[in-house]
Amino acid sequence: MENPGYAREPESPWVFRAQLATLIGFSCFAALVITWIGRLIYISWVLADVFSASIGIALVAVPIFLGLAIIFNYVFWGLHRGRQQVQLPSADDAP
Amino acid sequence: MTESDWRKEEDAILFQPIFSTGWRFYATVTVLGALVLWGVISYIVQYREGLGVTGMGFPVSWSFYIINFVFFIGISHAGTLISAILRLSQAEWRRPVTRIAEVITVLVLGIGGMNILIDLGRPDRIMNLFYYGRYQSPLLWDATSVTAYLTASSVYLFVPMIPDIAMLRDRCAPGWRKFFYQTMALGWEGTPAQHRVLNRAIAILAVLVVPIAVSVHTVVAFVFSMTLQPMWHSTIFGPYFVVGAIFSGTATLLVAMAILRKVFHLEDYLQPIHFNYLGLLMLVMVLLWTYFTFAEYLTTYYGNEPNEMRVFFSKFTGKYALFFWGMVVCNLVIPFPILAINRLRTIGGTVIASVFIIIGMWLERFIIIVPTLANPRLPEYAQGSYFPSIVEIGIMVGCTALFCLLYVLFSKLFPIVSVAEIREGREHTEEIVHKRLSRYAPGLGKLPQVNP
Amino acid sequence: MPRWGMVIDLDKCTACQACVVACQVENNVPFIEEKEYRRSRAISWMKVISETEGSFPNVRTQFIPRPCMQCDNPPCVRVCPVHATYLSPEGIVGQIYPRCIGCRFCIAACPYTVKYFNWYAYSARVPKEMHRADDPDVSVRPKGVVEKCTFCDHRLQKAKDKAAVEKRTLHPGDYVPACVESCPSKAMAFGDMADPESIVSQLARSPRAFRLMEALGTKPKVVYLSERKLYD
């Protein structure tokens, strides 16, 4: 591939914090949507208003959002763990 | 690597829009920005005065915004079809095209959803959808599936882009931009472990995205077919809309490819063969769309139910005949010969066919929505004659300009052709394809012997 | 639990439109200026529609006062995304104006086209002095919400309150909508369809009785009496 030594310059710690913030933001969004769906199920139960439709749609929609959150987390932590253990310093590195 | 090194690379032209900015970029952004501003001002007028500033009335209470909503959401099928299905079927020619398609999808879904919000009489009460929503209403199915599709296609756009962002990160001069790329690259280095993670995630996403996409346009169709109105209450609507969506999405993709090829000098990457293959796909969709339309209208005509026939004749020979026959000309009469005849299926030919198809599909949405509303079952004193107002036109122009503007900004930040995928193809395509060929029939796929 | 319904005798109706005017006054239906009328935006909860058959000189016109059908299986309630239109236990399809988001799905779904939309803040555009004639029991609608005939359910509420104060149940005739009350030819009757002895139930059993577009399955609770059946 194009990076033969898998060498990478060191990054400031803020980069990881920003990445984590994005991950948390996305997971929160997925959680929010699932909460919304849950609220709609609750309302339809309380108002006796086609509970079955809410359950049916939730059975499809909730796994999708859950799945997307899981995939994003999988990619994030997978890439994080898959890095080279040693990060070469940017300057002198005599072969 | 420094920022100047990228010019010496083989795919330098793909990095050029990102690292060098010319006057044409600023000019484009200014023009598009002005059009978007027109749209924003139009919307502010509408928000303050009420929906009365549009041309809608009674009984045509849904028109431009709902048409645009269906139209834009329809175009979103470009990304799924090309990206996911071609990836799943391992078609090697998809490599330069996937990102162009995926960006169209993400942007167009956002704008389509925005059109629904624009259509609301009380957008300040949008939170009521969260507090009091009802899943029996097709609009809630819409809201859920469009959100799901937007999220899924955003993730599906981002994950394969990670290696490209890493390339940009490594070539970028230090600064805010580099920080942005470092953050988004998620520590990509190209190790085998990371490749495994990425490929697995992309494979799962490709499978996940297809049924979500099909469900999105099906539920958009259900908004109409779940009512009892003549020529809306039709069982064919779900598949009809999906076919129409793939149709208009592919056409938009072709136009986008042609423009990008011209503007960014991508002649080596977007070759006539890509336009040819997509043109063939579009030919199939022309025939499929015609088949569905024919089935729909013949069924109505043969049934001869009075309410439906009033709507039918208002489309065929009445007030909306121009739009109906215009739709037929734009969707069938013009594209079919261009796409069917090999000699005409060039880049120019497919683009011309695509432009007509985009117009024709917009007309199709109009023809589906307005005549039914304009011919209610009970006689009304106003048989609904609809004409769009300047506000509606302004908002439609603003939405289209916003799509183009966001696309231009995307191409400024990220490579519009997937560099990593092309490089992966350069290294692995031959062996993938040869391995595949050898399974088709005995004796196939032998690498050519080198003469000593 | 009563189920409120209406019977309209088309053979007695003179199409005088007193019901339309009474409804407008009772329910604060806004006046629409001529420009808006020409853009097909006039709101009239009760409307007299006409159907003309034949050609001159053998013309026959039928006038049909058309309130909301108050369906027992309402297509508008099914499609509302926010519970802003709902079917009450007593059979009245009501509107919750503060909750309506103005998506107009119910307008598109109603096969009788009885629902109207406030394209502008019509009530606010009426001259201020005219608001002194507003009925205080009925809310004035803002812009961007859907409205329709509600069988004057504010009158139902007042009748129930009065009966509660006087410690009795509702008598027939305590609650009649404004249109029924105003009809000079006594062509309209209103009452409890769940009570087999009420006037509406008896009239609904007449051989002249029919409902509009019954085959759609909406179960409308407005029954028409006529020698000729229409729109079924």
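Our subject is the structure listed above.
In short, a report on the structure. (Residues numbered from 1 in each chain as written. Chains lettered and ligands numbered in written order. Predicted model: local features only at pLDDT ≥ 70, side-chain atom pairs only at ≥ 80, totals over all residues. Heavy atoms only, no water.)

## Notes on the overall build of chain A
Next up, step 1: When you go through chain A residue by residue, the secondary structure sums to two helices and zero strands.
Next up, step 2: Looking at the 95 residues of chain A, the share that counts as buried comes to 33%.
Next up, step 3: Residue pairs in contact within chain A that sit at least 24 positions apart in sequence constitute 76% of those at least 6 positions apart.
Next up, step 4: When the accessible surface of chain A is summed, it comes to about 5,700 Å², and 69% of that surface belongs to carbon and sulfur atoms. (Helix = DSSP H or I, 4+ residues; strand = E, 2+ residues; numbered from the N terminus. Buried < 20%, exposed > 50% of the residue type's maximum accessible area, 1.4 Å probe, protein only. Contact = heavy atoms within 4.5 Å. Areas by Shrake-Rupley, 256 points an atom, 1.4 Å probe, with all protein chains shown as cover.)

## Details of the overall build of chain C
Next up, step 1: Helices and strands together make up the secondary structure of chain C, namely eight helices and ten strands.
Next up, step 2: Here the C-alpha atoms of chain C give a radius of gyration of 18 Å, agreeing with the 17 Å that 2.2 N^0.38 yields for 232 residues.
Next up, step 3: With the C-alpha coordinates of chain C rotated into their principal frame, the extents come out at 55 × 45 × 35 Å.
Next up, step 4: Sorting the 232 residues of chain C into buried and exposed places 56% on the buried side.
Next up, step 5: Long-range pairs, those at least 24 residues apart, make up 62% of the contacts in chain C between residues at least 6 apart in sequence.
Next up, step 6: A total accessible area of about 10,200 Å² is found for chain C, and carbon and sulfur atoms account for 56% of it. (Rg over C-alpha atoms; globule rule 2.2 N^0.38 Å.)

## Some details on the packing of helix α1 (residues 13-46) of chain A against helix α7 (residues 138-158) of chain B
Next up, step 1: For the pair α1 of chain A and α7 of chain B, interaxial distance at closest approach is 12 Å and the crossing angle is 165°. With respect to each other, α1 of chain A and α7 of chain B are oriented roughly antiparallel. Relative to α7 of chain B, α1 of chain A is oriented so that their crossing is left-handed. Contacts between α1 of chain A and α7 of chain B involve Phe26, Phe29, Val33, Trp36, Ile37 and Leu40 of chain A on the former and, on the latter, Leu140, Ala143, Thr144, Thr147, Thr151 and Val155 of chain B.
Next up, step 2: Here the contact of α1 of chain A with α7 of chain B is composed, by residue class, of nine nonpolar, three polar and no charged. (Axes fitted to C-alpha atoms, helices over the stretch in contact; angles between N-to-C directions. Parallel < 35°, antiparallel > 145°, perpendicular 65-115°, else oblique. Left-handed = near helix turned anticlockwise from the far one by under 90°. Nonpolar A, V, L, I, M, F, W, Y, C, P; charged D, E, K, R; others polar.)

## Examining the interface of chain C and chain B
Next up, step 1: Taken together, the contact pairs 47 residues of chain C with 42 residues of chain B.
Next up, step 2: Taking both sides of the interface into account, the surface hidden between chain C and chain B amounts to around 3,900 Å²; carbon and sulfur atoms contribute 59%.
Next up, step 3: Summed over the three residues of chain C that lose the most area to chain B, namely Ile101, Phe105 and Trp119 of chain C, the buried surface amounts to 16% of that side.
Next up, step 4: In this assembly, chain C and chain B are joined by one salt bridge.
Next up, step 5: For Arg104 of chain C, the salt bridge identified is with Asp119 of chain B, shortest N-O distance 2.6 Å. (Buried area = accessible area lost by both parts, 1.4 Å probe. Salt bridge = Lys/Arg side-chain N within 4 Å of Asp/Glu carboxyl O.)

## Looking at a nonpolar patch on the surface
Residue and element names in this part refer to chain A.
Next up, step 1: On the surface, Tyr42, Trp45, Val46, Leu47, Phe51, Ile55, Leu59 and Val60 cluster together into a nonpolar patch covering about 830 Å² of accessible area.
Next up, step 2: Among the secondary structure elements, Leu59 is positioned in helix α2 (residues 51-81).
Next up, step 3: What makes Leu59 exposed here is its relative accessible area of 61%. (Patch = residues over 30% accessible without salt bridge, like charges linked within 9 Å, V, L, I, M, F, W, Y side chains within 5 Å.)

## Things to note about the side chain of Thr98 of chain B
All names here are of chain B.
Next up, step 1: With respect to the element layout, Thr98 can be found in helix α5 (residues 98-119).
Next up, step 2: The exposure class assigned to Thr98 is buried, which follows from its relative accessible area of 1%.
Next up, step 3: Of the polar contacts made by the side chain of Thr98, one reaches the side chain of Glu421; its length is 3.1 Å.
Next up, step 4: Not counting chain neighbours up to four residues away, the residues in contact with Thr98 comprise Ser83, Arg87, Ser418 and Glu421. (Polar contact = N/O pair within 3.5 Å; in protein donor to acceptor, adjacent residues only side chain to side chain.)

## Considerations on helix α1 (residues 18-26) of chain C
All names here are of chain C.
Next up, step 1: Within the sequence span of α1, burial applies to Cys19, Val20, Ala22, Cys23 and Glu26. An end-on view of α1 places all buried positions within 165° of arc, on one side of the element. Structural note: α1 exposes Val21 and Val25 on the side pointing more than 90 degrees away from its buried face.
Next up, step 2: Phi turns positive, to about 55°, at Asn28, one or two residues after α1. (Arc of directions from axis to C-beta.)

## Quick look at the pairing of strand β1 (residues 4-9) of chain C
Residues and elements named next belong to chain C.
Next up, step 1: Across the six residues that make up β1, a large majority, six, are buried.
Next up, step 2: Note: β1 against strand β10 (residues 222-225), four bridges, orientation parallel. Residue pairing across strands places Met6 opposite Val222, the latter belonging to β10. (Pairing = 2+ DSSP bridges.)

## As for the side chain of Arg99 of chain C
Next up, step 1: Along the chain, the position of Arg99 of chain C falls in the loop between β5 (93-95) and α4 (105-109).
Next up, step 2: Summary of buried charges: Arg99 of chain C has no salt-bridge partner, and the nearest side chain of opposite charge, Asp49 of chain A, is 9.0 Å away.
Next up, step 3: Residues within four places of Arg99 of chain C in sequence aside, it is in contact with Arg125, Asn128 and Tyr132 of chain B together with Val82, His83 and Ala84 of chain C. (Lys, Arg positive; Asp, Glu negative; His and termini not counted.)

## A word on the sheet that holds β10 of chain C
Next up, step 1: Spatial ordering of the open sheet is given by β8-β1-β10-β9 (chain C), a layout of four strands whose pairing is mixed. The open sheet has two edge strands with one neighbour each: β8 (188-192) and β9 (209-210) of chain C.

## Section: the nonpolar core
Next up, step 1: One finds Trp62, Leu253, Ile369 and Ile416 of chain B to be the most contacted residues of the largest nonpolar core, which totals 235 residues.
Next up, step 2: Each residue touching Trp62 of chain B, except ones within four places of it in the same chain, is listed here: Met56, Asp119, Val223, Phe224, Trp232, Ile369, Val370 and Leu373 of chain B together with Cys103, Arg104, Phe105 and Ala108 of chain C.
Next up, step 3: Of all hydrophobic cores here, the second largest spans six residues; its members include Ala189, Ala209, Val223 and Leu225 of chain C. (Core = buried A, V, L, I, M, F, W, Y, C linked by side-chain atoms within 4.5 Å.)

## What to know about the pattern of salt bridges
Next up, step 1: Applying the stated rule across the entire model yields 31 salt bridges over all chains.
Next up, step 2: A salt bridge links Glu364 of chain B to Arg365 of chain B, with the shortest nitrogen-to-oxygen separation between them at 2.8 Å. Arg365 of chain B shares its class with Glu364 of chain B; the two are buried.
Next up, step 3: Between Asp137 of chain C and Lys158 of chain C there is a salt bridge whose closest N-O contact spans 3.0 Å. Here Asp137 of chain C, found in the loop between α5 (122-125) and β7 (146-147), pairs with Lys158 of chain C, found in helix α6 (residues 153-165); they are 21 residues apart in sequence, far enough to count as distant.

## Quick notes on the environment of Pro196 of chain C
All names here are of chain C.
Next up, step 1: With respect to the helices, strands and loops of the structure, Pro196 is situated in the loop between β8 and α8 (199-204).
Next up, step 2: Relative accessible area serves as the criterion here: at 45%, Pro196 is assigned to the partly exposed category.
Next up, step 3: Ignoring sequence-local partners within four residues, the contact set of Pro196 consists of Ser201, Gln202 and Arg205.

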